[in-house]
Amino acid sequence: MKFYFFILLLISSFCFSQAEVSLMYEELPEDSMPDGLRFHSSLKPFVGLPLKNDSILTLSYGDKSKFIPKGNLSPIFDLTYQANHKTATRTGFGVSFQSRELGKWFYRFSAIQGIGNSSQNARPKALLFDSIKNNGYVYTDIRGRVSYSPNHIFNFQAGIDNNFIGEGNRSMLLGDYGIPYPFAKIRTNFWRLEYNVLYQSFRETAEGQNWKSKFSTSHLISYNVFKWLNVGVFENIIFSPQDTNLNRGFDAEYLNPIIFYRPQEYSLGSSDNSLLGLQLAAKYKGHTLYGQFVLDDFILAEYRAGTNWWGNKYGGQAGVKGRFKYDDKRYFYRLETNFARPYTYSHTSSDQNYANQGEVISHPLGANFIEFLGEVKVQKNKWVVKGFLSYYMKGENKIDEDGLVINYGGDIYHPYNDRPFEYGVITGQGVKVNYTHLMLGAEYLVSESNNLKFFIENHFRSNTLQTNTNYQFFIGLRSCLWNDYRNY
């Protein structure tokens, strides 16, 4: 599956009318969500939902009398200055085009071309990225999405972008911290159910060639038990078009939107990487209590024996968030904890791990960690002041006397069959490191038409392997059409 096919698909769809899809950016105090039984807030981006400060157009939700422009072409910016022990910059310019009508089709396309020499914490998660001299790089960030809704039940999407599942800042099932990828999606919404089928095309570097492809298919059933309670069941399969001894190509069986992957995997005689997940969300007024659980591999007998067998690989999330208004200010808060046991999301090679282009597609820390985080945002008019604090403990790999890596399960790109022992595997094993990250910042909405924001951020990072706290100062101007996380 070629990247160019999806780009041509986006361009060829420009002649149709549309049905809108919202952007995915960080939650703000002013964000509001419908509370009906047909709305499922854990599947992002939303379809047909208005968000204030939406980048190109003001969307309507159920108000058919409002005039909606057919489209808008806007310049977009990505200008960042970073200072710590040495200064660095990131400069990018591009264009974004979005259009919709009161019809069935919607499309959005954006592209930024830029250059920079900033540190790893500020490098963009761009589709195309080339290193140049003196720690510099050139990047091209291309994203787009075509959506077709033939009726109020079905929605079909395709493009190059990220997707997200969950209510948290992180997701243990599918996050948007990584590099965008080609995808196709089917969403079916009826009664209290939404059924989501997602096909993804990933790639990894390989010896002797530029890229090696791998594919992913996932299902999510989201059920609104009540207006205030949601339950979701998730399953995913990662597979490579080529095994060690067989060039399989793309397994057409995984295109079936209603199969269970584990039995299908066994029927194919493959060793593909499958995941199961569960999520819950309970809402009360402006507050939400939420959680996720992901299961990579599990044997109940080993768990009951209390041997901490390496193959029991799982992770979880628990959190609470909320919005409220006091005087003329709006507030948003979140408290969240996440964990993943060693070797979760990993496999025998990068052909089947839960990642894309060197980036985990769930939680950015990978595995073998426990994390606690909190965030607060205060909004008044066009200003947002925010703070973020995280602490996490992670078990890192060791280097032995011969210079070989001892894999303790934190790096999902390291094969899990290269492990030091079978039993006694615990979270934090290996070189246990404690990390702390504090961010204090502010942003001002310069232009609502293209979501252009001026921002200032102060980052303080420390860990138990360093004697000094690392301080980074960021100032810039950017069009926030997608999340640009620097909080891990």
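Basis of the calculations
- Residues numbered from 1 in each chain as written.
- Predicted model: local features only at pLDDT ≥ 70, side-chain atom pairs only at ≥ 80, totals over all residues.
- Heavy atoms only, no water.
- Core = buried A, V, L, I, M, F, W, Y, C linked by side-chain atoms within 4.5 Å.
- Buried < 20%, exposed > 50% of the residue type's maximum accessible area, 1.4 Å probe, protein only.
- Helix = DSSP H or I, 4+ residues; strand = E, 2+ residues; numbered from the N terminus.
- Contact = heavy atoms within 4.5 Å.
- Phe/Tyr/Trp six-rings, centres within 6.5 Å; stacked < 30°, edge-to-face > 60°.

1. Some points on the nonpolar core
Working step 1: Counting 27 residues, the largest nonpolar core has L174, Y345 and Y354 as the members making the most contacts within it.
Working step 2: Elements with a contribution of two residues or more to this core: β9 (181–190), β10 (193–206), β12 (229–239) and β23 (431–447).
Working step 3: For Y354, the residues in contact, after removing those within four places along its chain, are L173, L174, F234, N236, I238, N273, L275, Y345, V360, I361, S362 and I412.
Working step 4: If you look at the next biggest cluster of nonpolar residues, it comprises nine residues, including Y25, A126, Y139 and L481.

2. A word on the packing of aromatic side chains
Working step 1: For the structure on display, the rule yields 25 aromatic pairs.
Working step 2: Aromatic side chains W105 and Y148 sit 4.5 Å apart centroid to centroid with 35° between the ring planes, which places their arrangement in the tilted category. Of the two residues, W105 is situated in strand β4 (residues 105–116) and Y148 in strand β6 (residues 137–148); the sequence distance between them amounts to 43 residues.
Working step 3: Classification of W105 as partly exposed rests on a relative accessible area of 22%.
Working step 4: Relative accessible area serves as the criterion here: at 26%, Y148 is assigned to the partly exposed category.
Working step 5: Summarising the aromatic geometry, the rings of F293 and Y314 are spaced 5.9 Å apart at their centres and angled 35° between planes, so their arrangement reads as tilted. A residue pair is termed long-range when its members are at least 10 positions apart, and F293 in strand β14 (residues 287–297) and Y314 in strand β15 (residues 313–326) qualify at 21 residues.
Working step 6: Judged by relative accessible area, which is 35%, F293 ranks as partly exposed.
Working step 7: The exposure class of Y314 is buried, given its relative accessible area of 16%.
Working step 8: Members of the aromatic cluster, joined through ring pairs, are F293, F298, Y303, Y314 and F339.

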